[in-house]
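Below, each chain spelled out in residue letters.
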There are 2 protein chains.
Amino acid sequence: MSLTVLQKQLLPEIETHLKIFLQSLDFGQSQTLYEMISYHMGWEDVGANHGKRIRPFLSLLCAGALNGTIQNTMPGAVAIEYLHNFTLIHDDIEDNSPIRHGKPTLWRKWGLAQAVNAGDALFSIAQLSMLSLNETCDEAIALKALEAFNHTCLNLTQGQYLDIAFESSQDIDISTYLDMIGGKTAALIGFSTFLGGLTAHVGERQLELLEAFGSSLGMAFQIQDDYLGIWGDPQETGKSAATDLLTRKKSLPILFGLKQSDDFKNFWNNEEISPENVDTLAHMLIACGAQDFVQTKAGQFTEKAFKALDQLFPVKNDYNIALHELTETLLNRNY
Amino acid sequence: MSLTVLQKQLLPEIETHLKIFLQSLDFGQSQTLYEMISYHMGWEDVGANHGKRIRPFLSLLCAGALNGTIQNTMPGAVAIEYLHNFTLIHDDIEDNSPIRHGKPTLWRKWGLAQAVNAGDALFSIAQLSMLSLNETCDEAIALKALEAFNHTCLNLTQGQYLDIAFESSQDIDISTYLDMIGGKTAALIGFSTFLGGLTAHVGERQLELLEAFGSSLGMAFQIQDDYLGIWGDPQETGKSAATDLLTRKKSLPILFGLKQSDDFKNFWNNEEISPENVDTLAHMLIACGAQDFVQTKAGQFTEKAFKALDQLFPVKNDYNIALHELTETLLNRNY
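Report on the pattern of salt bridges, specifying residues and quantitative values.
Scanning all chains against the criterion turns up 20 salt bridges over all chains. Glu204(B) is the partner of Lys144(B) in a salt bridge, and the nearest nitrogen-oxygen pair spans 2.4 Å. Taken together, the residues span a long stretch of sequence, with Lys144(B) in helix 8 (residues 139-167) and Glu204(B) in helix 10 (residues 204-231) at a distance of 60 residues. Overall, the relative accessible area of 47% leaves Glu204(B) in the partly exposed class. What you see here is one network of salt bridges that share partners, running through Glu15(A), Arg53(A) and Glu81(A).

Laid out in structure tokens, this is it:
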């Protein structure tokens, strides 16, 4: 209930602030660069698809739950969404992905050179938006936010480095894989929740708990994504059954299988994977304990996330109830 | 004299600080990402080639000339060099350039995906280094530096947008071209000189003059580069005569010729350009006034740079004498 109400209130505010800040910048003779960013953000058509703005929403909910004000947090929340979108522009180039949100990716539409550059522009814009916390909060908070933000950026590129390296790697440790998703997915979500507390002027202990909440949520979400990529119901996920096996994605259950089961490893290395034999392969993973392992890992991070929430918010308010609901929605999904 | 002495003193200090800051960051399981950046910076072999570190050197000279301390300015100076190198990594990708400083470019050596990502990592590192001005100066200066720095970054991407767009454009205005080099070359040099003054705690009027000095220097340097690309002595430039005509680079004299001379335009659009006819074409440019125009433009910016120097430094000291000498060396070159 709280979640729905706050989504209706805050998501349009986030969208408005995202647009306003971009419009406030002078693009001079480079209007097309503005249009490219606008297109990527999903604003070129009324009702065009875009991301769910989960990260800035989490920042605002955390700020609200800790008696901070939405307005003070907004420039940082918006910066996180710009940064996330910058990473998507470059990820799409690095992964050679032609489609995002049902539309051609930026590099498909404007070419590789312009897309790399538009990503860089959006990275600068994210920094500028984060800097404007100086106006809504104060100098010390703006600097602390920027420091953590840029360590997160570096962390993201380290995660992305590993992800790209995995493509051509035959032997990936589970711990290295968890590092990868830690950098690529969990770090920015951890920063989002941290930022909410920072702009609400909470102390170090609470900031640590907020970061632990966000990064555990990110880890649990990604590991569950890996689970659903093999055992998700196609009717719910909208993808074919065992899609990660068919696309040979080196996700957590598959890495576990490659380490623990010679049968799985032989099949993976020597056979063509097709819709006809994919069930056999998925069962091999269950037999060697991959499903249990992934469920346990997801469960551990889920528990960590909820535990941090409980410690942060012993007394209920609308915002922290919404945070709880959002966490449940994100982690108890079947899609 | 002052210049040589200060080069010998400061360039090794810049190099040391560049290395130390990079080494201070935790790359965890992504050591290769560290190696990629190290390779691009020119550190993988003793005596390997790298850039001249002109931008951080300018920052330090400006700081010294205004009674600032080198140590206080250093984190910002180093940040500028990282940022410059980040743009080179992405430029090499965008221009499809295989070689830089006599070595394979990053994308040639590690592939496109890893190179885009390593550029992003270096961008974050530049931000972190600029943030550490908070330790050598104070919060207000760090924030002001970061604000100007990120506006400069955005300006760089706008210049780069135009540069890429020009490749497929038939009709480029001279004023748009000047905007392009303003963003791509002059903005970061203007920021470098500005930063020197900012960290030396000078007032707004002097900051404006410093920025005017640096950006005029950058404009004059680039326009002279365009001049030398057609009329430079191959023995001095180390390139073939009229290299920009042979490679069909849309530089300032060529854009002027396309606007002012139908003969040149017809030749350019309809003929193969070869070492045999390139002299004819270079003379067409002289005949239509392109050489005069480019010399006048370069002269205007050169004069502006020296005028700003005179206004900034009515009384001589070692640092501002070195700045004067450096400006002369950069702008009165034949190579």
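That covers the picture; the talk isn't over yet.
Account for helix 9 (residues 174-199) of chain B, with residues named and values stated.
Residues and elements named next belong to chain B. Its 26 residues give helix 9 an end-to-end C-alpha distance of 35 Å, which sits within 8% of 38 Å, the value for a rise of 1.5 Å per residue. Bending of helix 9 peaks at approximately 50° at the position of Ala186. For helix 9, the tally of buried residues reaches 23 of 26 residues, placing the bulk of the element in the interior. Note on helix 9: the residue one or two positions beyond its end, His201, has a positive phi of about 60°.

Lay out the interface of chain B and chain A with the relevant residues and their values.
Every contact between the two is made by 45 residues of chain B and, on the other side, 45 residues of chain A. Carbon and sulfur atoms supply 65% of the area buried between chain B and chain A, which totals about 4100 Å² over both sides. Three residues, Gln29(B), Leu143(B) and Tyr161(B), lead the burial of chain B against chain A; their summed loss comes to 17% of the area buried on that side. Counting across the interface, chain B meets chain A through zero salt bridges. At the boundary of chain B with chain A, the tally comes to 16 residue pairs in polar contact (both at pLDDT 80 or more). Elements with a minimum of two residues in the side of chain B that touches chain A: helix 2 (31-41), helix 4 (70-94), helix 6 (112-131), helix 8 and helix 9 of chain B. Here the element with the most residues in the side of chain B that touches chain A is helix 8 of chain B; it accounts for 17 residues.

Could you give an account of unusual backbone geometry, with specific residues and numbers?
Residue and element names in this part refer to chain B. For Asn67, which is not a glycine, the phi torsion comes out positive at approximately 65°. Following the sequence through the fold, Asn67 ends up in the loop between helix 3 (54-65) and helix 4. Here the phi dihedral of Asn96 falls at roughly 60°; this positive angle occurs in a residue that is not glycine. The residue Asn96 is located in the loop between helix 4 and strand 1 (99-100) in this model. Residue Asn96 is classed as exposed on the basis of its relative accessible area of 54%.

Give a description of the relation of the copies chain B and chain A that names residues and reports values.
For these two chains of identical sequence, chain B goes onto chain A by a turn of 180° and a shift of 0.0 Å along the axis, with RMSD 0.0 Å. What we have between these two chains is a two-fold relation. Closest to the rotation axis within chain B is the C-alpha of Glu139(B), separated from it by 3.2 Å. Looking at the interface residues of chain B, 100% of them are also at the interface in chain A, so both copies use one shared face.

Tell me about the side chain of Asn320(B), and name the residues and values.
Residues and elements named next belong to chain B. With respect to the element layout, Asn320 can be found in helix 17 (residues 318-331). Within the local environment of Asn320, its side chain forms a polar contact with the backbone oxygen of Val315, the two atoms lying 3.0 Å apart. When neighbours within four sequence positions are excluded, Asn320 is seen to be in contact with Ala65, Phe313 and Val315.

For a negative patch on the surface, give the residues involved together with the corresponding values.
A surface patch of like charges, here negative, comprises Asp138(A), Glu139(A), Asp138(B) and Glu139(B). Mapped onto the secondary structure, Glu139(A) falls in helix 8 (residues 139-167).

How would you summarise helix 6 of chain B if you had to cite specific residues and measurements?
The end-to-end C-alpha distance of helix 6 of chain B, which contains 20 residues, comes to 29 Å, matching closely the 28 Å that a straight helix rising 1.5 Å per residue would cover. Across the 20 residues of helix 6 of chain B, 19 count as buried, placing the element largely inside the fold.

Give me the lowdown on the environment of Gln71(A), citing residues and values where you can.
Residues and elements named next belong to chain A. Mapped onto the fold, Gln71 is located in helix 4 (residues 70-94). Taking the C-alpha atoms as reference points, Gln71 and Thr185, 114 residues apart in sequence, are found 26 Å from one another. With near-sequence residues (within four places) excluded, Gln71 lies in contact with Glu13, His17 and Thr136.

Explain the packing of helix 14 (residues 262-270) of chain A against helix 15 (residues 278-287) of chain A residue by residue, including any values.
Residues and elements named next belong to chain A. Between helix 14 and helix 15, the least distance of the axes is 9 Å, while the angle of their chain directions is 150°. With respect to each other, helix 14 and helix 15 are oriented roughly antiparallel. Along this stretch, helix 14 crosses helix 15, giving a crossing that reads as left-handed. Here Asp263, Phe264 and Phe267 of helix 14 lie close against helix 15, whose contacting residues are Leu281, Met284 and Leu285.

So what about the packing of helix 6 (residues 112-131) of chain A against helix 4 of chain B? Which residues, and what values?
Relative orientation of the contacting elements helix 6 of chain A and helix 4 of chain B amounts to 160°, with a least axis distance of 9 Å. Between helix 6 of chain A and helix 4 of chain B, the crossing angle belongs to the class labelled roughly antiparallel. Note on element contacts: helix 4 of chain B touches helix 6 of chain A through Phe86(B), His90(B), Ile93(B) and Glu94(B), opposite Leu112(A), Ala113(A), Val116(A), Asn117(A) and Asp120(A).

Report on the side chain of Asp120(A), specifying residues and quantitative values.
Mapped onto the elements, Asp120(A) comes out in helix 6. Lys184(B) provides the closest opposite charge to the buried, unpaired Asp120(A), separated from it by 11 Å. Among the polar contacts listed, one links the side chain of Asp120(A) to the side chain of His90(B), at a separation of 2.7 Å. When sequence neighbours within four positions are dropped, the list of residues in contact with Asp120(A) reads His90(A), Phe86(B), His90(B), Glu94(B), Asp120(B), Phe123(B) and Thr157(B).

Give a description of the environment of Met41(B) that names residues and reports values.
All names here are of chain B. Take Met41: it is sitting in helix 2. Along the backbone, Met41 and Leu18 are 23 residues apart, and their C-alpha atoms lie at a distance of 9.1 Å. Met41 has contacts with Leu18, His50, Arg53, Glu81, Tyr82, Asn85 and Leu122, leaving out every residue within four places of it along the chain.

Describe the packing of aromatic side chains, and please don't skip the residues or the numbers.
Centre distance and the angle of the planes are the two values used to describe a pair of aromatic rings. Per the counting criterion, the structure on display carries 21 aromatic pairs over all chains. Their ring planes at 50° and their centres at 5.2 Å tell us that Tyr227(A) and Trp231(A) sit as a pair that is tilted. Of this pair, Tyr227(A) and Trp231(A) both sit in helix 10 (residues 204-231), four residues apart, which is roughly one turn of the helix. The exposure class assigned to Tyr227(A) is buried, which follows from its relative accessible area of 17%. Residue classification places Trp231(A) among the buried positions, given a relative accessible area of 18%. An aromatic cluster is present here, built from Phe86(A), Phe123(A), Phe86(B) and Phe123(B) joined pairwise through their rings. Taking NZ or CZ as reference, Arg248(A) lies 4.8 Å from the ring centre of Trp268(A), over its face. Lying across the ring of Trp110(B), Lys109(B) places its NZ or CZ 5.3 Å from the centre.

Quick rundown of the confidence of the model for chain A? Include the residues and the values.
For chain A, per-residue confidence averages 95 on the pLDDT scale, and residues scoring 70 or more make up 99% of the total. The complex model carries a pTM of 0.96, and its ipTM stands at 0.96.

Calculation rules
Residues numbered from 1 in each chain as written. Chains lettered and ligands numbered in written order. Predicted model: local features only at pLDDT ≥ 70, side-chain atom pairs only at ≥ 80, totals over all residues. Heavy atoms only, no water. Salt bridge = Lys/Arg side-chain N within 4 Å of Asp/Glu carboxyl O. Helix = DSSP H or I, 4+ residues; strand = E, 2+ residues; numbered from the N terminus. Buried < 20%, exposed > 50% of the residue type's maximum accessible area, 1.4 Å probe, protein only. Expected span 1.5 Å × (residues − 1). Bend = angle between axes of the 7 residues up to and from the residue. Contact = heavy atoms within 4.5 Å. Buried area = accessible area lost by both parts, 1.4 Å probe. Polar contact = N/O pair within 3.5 Å; in protein donor to acceptor, adjacent residues only side chain to side chain. Least-squares fit on C-alpha atoms with pLDDT ≥ 70 in both. Patch = residues over 30% accessible without salt bridge, like charges linked within 9 Å, V, L, I, M, F, W, Y side chains within 5 Å. Areas by Shrake-Rupley, 256 points an atom, 1.4 Å probe, with all protein chains shown as cover. Lys, Arg positive; Asp, Glu negative; His and termini not counted. Charge placed at Lys NZ, Arg CZ, Asp CG, Glu CD. Axes fitted to C-alpha atoms, helices over the stretch in contact; angles between N-to-C directions. Parallel < 35°, antiparallel > 145°, perpendicular 65-115°, else oblique. Left-handed = near helix turned anticlockwise from the far one by under 90°. Phe/Tyr/Trp six-rings, centres within 6.5 Å; stacked < 30°, edge-to-face > 60°. Lys NZ or Arg CZ within 6 Å of the ring centre and 35° of its normal. pLDDT = per-residue confidence, 0-100.

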